Amino acid sequence: RAFNSGDYVGAVTDKMFSENISKVLYPNDDSFQGKQLRLEQQYFLVSCSLQDIIRLHLREGEKVDTLHEKFALQLNDTHPSVGIAELMRLLIDDYLLDWDKAWDITRQTFGYTNHTLLPEALERWPIALFGELLPRHLEIIYEINRRFLESVERKFPGDDDRKRRMSIIDEAGERYVRMAHLACIGSHSINGVAALHTELLEHSVLRDFFEMYPEKFSNKTNGITPRRWLVLSNPELTTLISSHISCDWIKDLFELKKLEPCVNDKNFCKRWYQIKQNNKRALAQYILENTGITVDPQSLFSVQVKRMHEYKRQLLNLLGIIHLYNSMRHNPKGKYTPCTFIFGGKAAPGYFMAKLIIKLINSVAEVINNDPAIKGLIKVVFLPDFNVRLGQIIYPAADLSEQISTAGKEASGTGNMKFSLNGALTIGTLDGANIEIRQEVGADNFFLFGLTAEEVQAKKASSYSPRDYYNANPALKEVIDLISSGYFSPQQSDLFHPITDELLNRDEYMLLADFQAYVDCRQGAIEAYNDRDAWTAMSILNVARMGKFSSDRAIREYCRDIWKAVPVPIAAEDYSQAKAVLRV
């Protein structure tokens with residue numbers, strides 16, 4: 001009727017409004033409307049999942065009060081932690097359980113994995129927004145909090161400051177719901193995803209909760225699936241490995257250890273090198289077709305593909321590239337190794353600085369790639385629309401994996417594992433799973449640089465001054481001045497001033513402090529690349545020692561320690577069929 005009467009917009013308004021919840025997952029939340037839609041999406045997805053889980057549970061003839069015996073729910077950071085309040089609502093309001101019984105089921109059902117130390121992952125929702133959108137859930141959270149603070153008082157009597165720190169409700173100024181606190185209180189386990197990350201959680205970010213519930217905490221270092229990240233993405237290397245050590249490594253990655261003697265087999269090493277070159281040629285073709293840039297597959301492929309964030313320090317990589325470019329301009333007769341520097345990644349919709357860094361990478365690429373003075377010795381590529389499928393082309397082709405985050409900021413990383421499993425060597429800091437990768441592959445097969453997490457904290461505590469590094473290092477000063485002068489943005493000379501101003505006046509992620517160590521270390525890696533035999537041997541050892549970083553091992557640990565799930569025996573005929581599929 002509305003449409004026929006001429007109200008064309010009104011006729012579809014309700015439909016359009018209802019579909020907003022699933023049009024774009026996690027839109028820009030700079031605005032109030034964006035924050036509200038994000039919270040709506042989180043609640044919608046969590047509630048649908050929980051209601052479906054309960055439906056399936058009851059359909060099997062089970063009672064709702066045995067839910068935790070059949071289902072384990074793992075919170076992936078704080079984004080789904082509203083699920084704790086929602087499960088309580090369902091159990092109390094819909095299934096009429098008393099509070100204590102509902103709370104016992106909820107806590108035994110949920111586990112909480114913290115995936116990052118960054119503040120944006122420890123969500124806080126304004127009370128006004130949360131209460132307007134989810135009033136019943138706010139009532140439940142208030143009651144959870146009241147009972148929890150009573151338990152804090154019992155364990156730490158009279159420690160009001162501790163209670164303020166641990167409360168789910170942040171009352172310092174505008175009142176917020178702290179979702180990480182809800183996740184810690186409403187879960188039976190809390191884990192980090194790398195050894196250093198878990199240590200930092202226990203002694204820094206979640207210290208109060210560790211002191212309250214030490215038995216809840218454990219580490220579960222991330223893993224990757226070898227079926228996708230080697231078998232599917234690197235079939236030639238898969239065939240070579242299997243021809244020497246059988247296919248058993250595909251379901252037990254520790255079997256790769258049997259490759260170590262192959263470093264002394266010249267034919268094996270030659271074939272290994274050829275496969276890497278084939279993968280590099282495939283990536284070079286992709287780059288040409290999608291960017292128009294011609295790169296040399298014989299050059300060193302140094303790759304950094306990951307989410308765009310200042311702590312991951314794509315910008316440090318770029319400063320190092322500009323420094324190398326300056327060296328070639330000042331000494332054109334020097335001897336240089338051809339290098340291709342490849343970037344890829346996406347920025348959050350409202351992350352201005354990350355988007356400006358993407359712009360700077362492309363602007364630097366435009367200048368360097370077209371400067372005849374350096375004779376094509378450096379190529380810079382930003383691959384658009386980085387995703388899993390593109391990753392399957394990139395990881396097998398990389399020579400050098402750039403894992404250069406500020407120490408103490410990266411929870412784990414999995415790209416570092418994908419690169420190493422495909423034979424790339426790593427240049428990195430002692431951050432996240434880099435530490436454990438270096439321990440496994442050996443210090444001689446890892447290019448280490450930079451401040452440690454403890455040194456980062458010490459420098460921040462002593463009033464870190466980035467300008468001191470800028471003034472003391474002529475090469476660094478030249479790089480920053482070149483950016484600031486508009487050399488890479490001639491049509492808008494001040495375009496990149498927000499970047500240089502941040503570096504000189506704040507440098508939150510200590511790029512300037514690590515700059516010289518980074519360029520020296522990468523130069524060492526470039527020189528090592530010139531010894532093809534030694535580089536190939538290191539590449540083989542990297543792959544051979546990656547057994548720990550299988551998702552199979554990680555999931556076994558979750559099953560054993562958190563979910564209390566035991567393996568289900570597989571019938572002989574089912575196993576035979578599975579092996580047949582695997583052979584195909």
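For clarity, every value in this text was computed on a predicted model and none was experimentally measured.

**Focus on the sheet that holds strand β9 (residues 339–344)**
- An order of β10-β9-β8-β11-β12-β13 is seen for the six strands of this open sheet, with the pairing classed as parallel. Looking along the sheet, the strands with just one partner apiece sit at the ends: β10 (378–383) and β13 (446–448). Between one strand axis and the next, the sheet turns by 20 degrees as a mean value, whatever way the strands run.
- Sheet analysis places β9 next to β10, joined by six bridges and oriented parallel. Along β10, the bridge assignment pairs G344 with L383.
- Here helix α19 (residues 434–441) sits on the sheet and contacts β11 (400–403), β12 (425–428) and β13; the angle it forms with β13, its principal contact strand, is near 135 degrees.
- The sheet contacts of helix α24 (residues 511–529) involve β8 (300–305), β9, β11, β12 and β13, and relative to β13 the element is tilted by about 155 degrees.

**Considering the nonpolar core**
- Ranked by internal contacts, the top residues of the largest apolar core, which has 68 residues, are L318, I378 and I499.
- Residues contacting L318, with those up to four places away along its chain left out, are F343, L360, I361 and V364.
- With 55 residues, the next largest nonpolar core counts L90, I92, I105 and L134 among its residues.

**With respect to empty space enclosed by the protein**
- This model, assessed by the stated rule, comprises four cavities of 30 Å³ or more.
- One number sums up the size of the largest cavity: a volume of about 100 Å³.
- Along its surface, the largest cavity is lined by 14 residues, and E310, L315, E502, L503 and L511 are the ones closest to its centre.
- When contributions to the lining of the largest cavity are tallied by element, the ones reaching two or more residues are α15 (314–330), α16 (352–369) and α23 (497–505).
- When residues in the lining of the largest cavity are grouped by element, the largest group, three residues, is from α23.
- A per-class count over the lining of the largest cavity returns seven nonpolar, two polar and five charged.
- In this structure, the second largest cavity occupies an estimated 70 Å³ of space.
- Its residues assigned to classes, the lining of the second largest cavity comprises one nonpolar, six polar and four charged.

The rules behind these values
Residues numbered from 1 in each chain as written. Predicted model: local features only at pLDDT ≥ 70, side-chain atom pairs only at ≥ 80, totals over all residues. Heavy atoms only, no water. Pairing = 2+ DSSP bridges. Helix = DSSP H or I, 4+ residues; strand = E, 2+ residues; numbered from the N terminus. Axes fitted to C-alpha atoms, helices over the stretch in contact; angles between N-to-C directions. Contact = heavy atoms within 4.5 Å. Core = buried A, V, L, I, M, F, W, Y, C linked by side-chain atoms within 4.5 Å. Buried < 20%, exposed > 50% of the residue type's maximum accessible area, 1.4 Å probe, protein only. 1 Å grid on protein atoms, 1.4 Å probe; cavity = no way out; pocket = protein on both sides within 12 Å on 5 of 7 lines; lining within 4 Å. Points joined across faces, edges and corners; volume = space filled by probe spheres on them. Nonpolar A, V, L, I, M, F, W, Y, C, P; charged D, E, K, R; others polar.

None of this, on its own, says anything about what the molecule does.
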